[in-house]
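Structure assessment
Listed here are the chains, written in short residue letters.
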Amino acid sequence: MASVIMRSGLRSALRGGASTPRVSTASRRSFSASSHHDEAAEASKWEKITYLGIVACSGLAVVILSKGHAHNDEPPAYPYLHIRNKEFPWGPDGLFEVKHH
């Protein structure tokens, strides 16, 4: 009897049957109490929440970005920014400064 079991086990191993164990559906254990319907409802709920969040964030961005902001006509005078020890080769002012002469 033992030799018959050994031979059948050896044959199935050589055929590749032992590499994938066969599990019947009756012995498969479910680790969740929810059914497939509950999972589909949960996925649908989170899909709706995601779309609502996208709409809400887009609307908030439009409101925030449509507001204007104050522009100063002239920047504040900071005397320490325009210290010139010698003249530039192209003249007394910098290349991107407003010419006053």
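Before reading further, recall that the structure is shown in the block above.
Residues numbered from 1 in each chain as written. Predicted model: local features only at pLDDT ≥ 70, side-chain atom pairs only at ≥ 80, totals over all residues. Heavy atoms only, no water.

1. Comments concerning the overall build of the protein
As a reminder, the rule being used: By definition, any uninterrupted DSSP run of H or I lasting at least four residues is a helix, any uninterrupted run of E lasting at least two residues is a strand, and each is numbered from the N terminus. Under the scheme applied here, a residue whose accessible area is under 20% of the maximum for its type counts as buried, over 50% as exposed, and between as partly exposed, the area being computed with a 1.4 Å probe on protein chains only. Values of accessible area rely on a 1.4 Å probe in the Shrake-Rupley scheme; residue burial ignores everything except the protein chains shown.
Summing up its helical and strand segments, the protein has two helices and zero strands in all. When each of the 101 residues of the protein is scored for burial, the buried share is 3%. Only carbon and sulfur atoms are counted for the fraction: they give 63% of the accessible area of the protein, which is about 10100 Å².

2. Looking at the pattern of salt bridges
Should the charged atoms of two oppositely charged side chains come close, the side chains can pair. Rules: By salt bridge we mean one thing: a side-chain nitrogen of Lys or Arg within 4 Å of a carboxyl oxygen of Asp or Glu.
For the structure shown, the criterion picks out one salt bridge. The shortest N-O distance in the salt bridge between Lys 45 and Glu 42 comes to 3.2 Å. Note that Lys 45 and Glu 42 are positioned in helix H2 (residues 36-66) at a spacing of three residues, about one turn of the helix.

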